[in-house]
Amino acid sequence: MAEPWLDVALRVPLGALALEVSLATSAAAVGVVGPSGGGKTTLLRVLAGVERRAAGTVKALGVTWQGPGVFVAPWHRRVGWVPQDAALFPHLSVRENLAYAQADGLDEVAELLGVSALLTRAPRNLSGGERQRVALGRALLSRPTLLLLDEPFAALDRSLRARLAGQVAAWCADRRIPTLLVTHDERDLEPFSAERWEIADGRVRVG
Amino acid sequence: MTPDPWSAVGLSVVVGAASTVATLPVAVATAWVLARKRFFGRSVLSALVLTPLVLPPVVTGLLLLTLLGRASPVGRWLEAVGWPVPFSLTGATIAAAVVGFPLYVSAIRGAFEAVDPRLEEVSATLGATPSRTFFRVTLPLALPGVAGGMVLAFARGLGEFGATAVIAGNIEGRTRTIALAVYALLEAPDGKSALTLLLVVSVGLSVIALVGFELLNRWQRRRLELTDG
């Protein structure tokens, strides 16, 4: 079996409750499913390094990102994090958003995600689905070590959703970028051939 | 000597502008720390920043005089290096800066707090260090609020009276700003036309400042807009 790219043993506080995760994976992709408010988004934030309230250890790609006396800052982790509502920079154009980390391959990624015609637009003039695609592009272009996608296809219609999930999965597979994908629609996971992690009763289980 | 109204207007503008520009970096840094950092003593710092707002300006002036006057080591040092504070334009500028600081910081702090912290988080995951995130995301998004704070601080500095009178005196052509000239003119027998001029200029400047502040506020709201079309 290949070396796991992600090995977590965490206790993530969620209000009065907590989410316990003790899992490792070497699958190319992981799909996290579970009820709303179950901690899917918070788990992604912990892995991205922007949520520091979790206790425990995170090892990714052979490096300890979080552990006793260790906390690797998010700008050193270089994950491609796509938050659920895209979080585009409102003062930058679509092109500037995409190129925020770096611009090599911008045209190719814009083409892949179908946003080539939107490059000069301001984020406020985009639809929800367009914003999500730009956020995806921004993450893909950042040369990520791994991808953390939070409902990245949720604002898209069914046919576009399936096509885009397939294209992003192929893009990640080509570049061997491991992906952790949060979704409430398990059909998103098929093109990624993702291992399924299910959140239930405050625990994350495989299967 | 009857106060020269245009000299007072000129001095006020110089004092207002100098105090605003000189304290800009401190105001931005203080506002950012209060808006974004959680640390022991944050409430104390927050209260300290507001102190000049609640303290009578004359008392603020007296405190500044004690701290920076000729009787204090700092004051003696400033005088030795050619920057005497009492009865000087420097003193008037310091008084305006201190009295305007609470408004300055509050306006900028509000602008920083209005910036969604998740944008800064996304920037960090895209490899940006905290300083890069500050200069590429936080500050550009808060820019209208920073400009609004400058307008408020300038307007406050323009009209400063109490602290200025104590630390800088009321010296024609040197420290007699608009508010001090108005006070002097109230007692001058032939000061009516000069007084009218100063009142018109003061009201005019205040209106410009308030309209500017409101326009900047609107710009700030538009800049942060990212709602569904």
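Residues numbered from 1 in each chain as written. Chains lettered and ligands numbered in written order. Predicted model: local features only at pLDDT ≥ 70, side-chain atom pairs only at ≥ 80, totals over all residues.

## Some thoughts on the overall build of chain A
Turning to step 1, where the next piece is worked out: In terms of regular secondary structure, chain A is built from six helices and 11 strands.
Turning to step 2, where the next piece is worked out: Taking 17 Å as the expected radius of gyration for a compact globule of 207 residues, we find that chain A reaches 16 Å, a close match to that expectation.
Turning to step 3, where the next piece is worked out: C-alpha atoms of chain A, sized along the principal axes, occupy 45 × 40 × 35 Å.
Turning to step 4, where the next piece is worked out: Taking all 207 residues of chain A together, the buried fraction comes to 44%.
Turning to step 5, where the next piece is worked out: If you take every contact in chain A between residues at least 6 apart in sequence, the share linking residues at least 24 apart comes to 70%. (Helix = DSSP H or I, 4+ residues; strand = E, 2+ residues; numbered from the N terminus. Rg over C-alpha atoms; globule rule 2.2 N^0.38 Å. Buried ≥ 20, exposed ≤ 12 C-beta atoms within 10 Å, placed from the backbone. Contact = placed C-beta atoms within 7 Å.)

## Here we look at the overall build of chain B
Turning to step 1, where the next piece is worked out: When helices and strands are tallied, chain B shows 10 helices and zero strands.
Turning to step 2, where the next piece is worked out: By its C-alpha atoms, chain B is 65 × 45 × 30 Å across when sized along the principal axes.
Turning to step 3, where the next piece is worked out: Across the 229 residues in chain B, those meeting the buried criterion constitute 44%.
Turning to step 4, where the next piece is worked out: Within chain B, counting contacts between residues at least 6 apart in sequence, those at least 24 apart form 77% of the total.

## Topic: unusual backbone geometry
Residues and elements named next belong to chain A.
Turning to step 1, where the next piece is worked out: Of note, the phi angle at Leu61 is positive, near 50°, even though the residue is not glycine.
Turning to step 2, where the next piece is worked out: Here Leu61 shows up in the loop between β4 (55-60) and β5 (63-67).
Turning to step 3, where the next piece is worked out: Its identity as a non-glycine residue notwithstanding, Arg176 has a phi of 55°, on the positive side.
Turning to step 4, where the next piece is worked out: Mapped onto the secondary structure, Arg176 falls in the loop between α6 (158-175) and β9 (179-182).
Turning to step 5, where the next piece is worked out: With 8 C-beta atoms packed within 10 Å, Arg176 lands in the exposed category.

## Section: the interface of chain B and chain A
Turning to step 1, where the next piece is worked out: Across the boundary between the two partners, chain B contributes 19 residues, which contact 22 residues of chain A.
Turning to step 2, where the next piece is worked out: Looking at the side of chain B that touches chain A, the elements with two or more residues in it are α6 (117-125), α7 (130-158) and α10 (192-224) of chain B.
Turning to step 3, where the next piece is worked out: The dominant element in the side of chain B that touches chain A, judged by the number of residues it contributes, is α6(B), at six residues.
Turning to step 4, where the next piece is worked out: Partitioning the side of chain B that touches chain A into residue classes produces 10 nonpolar, four polar and five charged. (Nonpolar A, V, L, I, M, F, W, Y, C, P; charged D, E, K, R; others polar.)

## Here we look at the packing of helix α1 (residues 5-36) of chain B against α10(B)
Residue and element names in this part refer to chain B.
Turning to step 1, where the next piece is worked out: It is at 9 Å that the axes of α1 and α10 come closest, and there the two elements cross at 30°. For the element pair α1 / α10, the angle class is roughly parallel. Two packed elements cross with a definite hand, and for α1 against α10 that hand is right-handed. When α1 is examined against α10, the residues Pro5, Ala8 and Val9 are found in contact with a partner set consisting of Ala194, Leu197, Leu198 and Val201. (Axes fitted to C-alpha atoms, helices over the stretch in contact; angles between N-to-C directions. Parallel < 35°, antiparallel > 145°, perpendicular 65-115°, else oblique. Left-handed = near helix turned anticlockwise from the far one by under 90°.)

## Observations regarding the pairing of strand β3 (residues 29-33) of chain A
Residues and elements named next belong to chain A.
Turning to step 1, where the next piece is worked out: Taken across its five residues, β3 has five buried, putting it largely inside the fold.
Turning to step 2, where the next piece is worked out: A two-sided burial pattern is seen for β3, the buried positions comprising Ala29, Gly31 and Val33 on one face and Val30 and Val32 on the other.
Turning to step 3, where the next piece is worked out: Here β3 pairs with β9 via four bridges, running parallel. Its bridge partner being in β9, Val30 is matched across the sheet by Leu180. (Pairing = 2+ DSSP bridges.)

## Quick look at the environment of B:Ala114
Residues and elements named next belong to chain B.
Turning to step 1, where the next piece is worked out: Mapped onto the elements, Ala114 comes out in helix α5 (residues 89-114).
Turning to step 2, where the next piece is worked out: On the basis of neighbour count, Ala114 is assigned to the partly exposed category, with 16 C-beta atoms found within 10 Å.
Turning to step 3, where the next piece is worked out: Measuring from C-alpha to C-alpha, the distance between Ala114 and Gly145 comes to 9.5 Å, with 31 residues separating the pair along the chain.
Turning to step 4, where the next piece is worked out: Excluding its chain neighbours within four sequence positions, the residues that come into contact with Ala114 are Gln220 and Leu224.

## Describing the confidence of the model for chain B
Turning to step 1, where the next piece is worked out: Mean pLDDT over chain B works out to 92, with 98% of the residues at or above the 70 mark.
Turning to step 2, where the next piece is worked out: Across the predicted assembly, pTM comes out at 0.90 and ipTM at 0.94. (pLDDT = per-residue confidence, 0-100.)

## A few points about the environment of B:Leu65
All names here are of chain B.
Turning to step 1, where the next piece is worked out: Note that Leu65 resides in helix α3 (residues 57-68).
Turning to step 2, where the next piece is worked out: For the pair Leu65 and Arg109, spaced 44 residues apart in sequence, the C-alpha separation works out to 29 Å.
Turning to step 3, where the next piece is worked out: Here Leu65 is in contact with Pro86, Val166 and Ile167, once residues within four sequence places are set aside.

## Some thoughts on the packing of helix α2 (residues 42-54) of chain B against α5(B)
Residue and element names in this part refer to chain B.
Turning to step 1, where the next piece is worked out: Relative orientation of the contacting elements α2 and α5 amounts to 125°, with a least axis distance of 7 Å. It follows from the interaxial angle that α2 and α5 lie oblique. The chirality of how α2 crosses α5 is left-handed. Residue-level inspection shows Val49, Leu50, Pro52 and Leu53 of α2 in contact with α5, the latter providing Val98, Val99, Phe101, Pro102 and Val105.
Turning to step 2, where the next piece is worked out: Split by residue class, the contact of α2 with α5 holds nine nonpolar, no polar and no charged.

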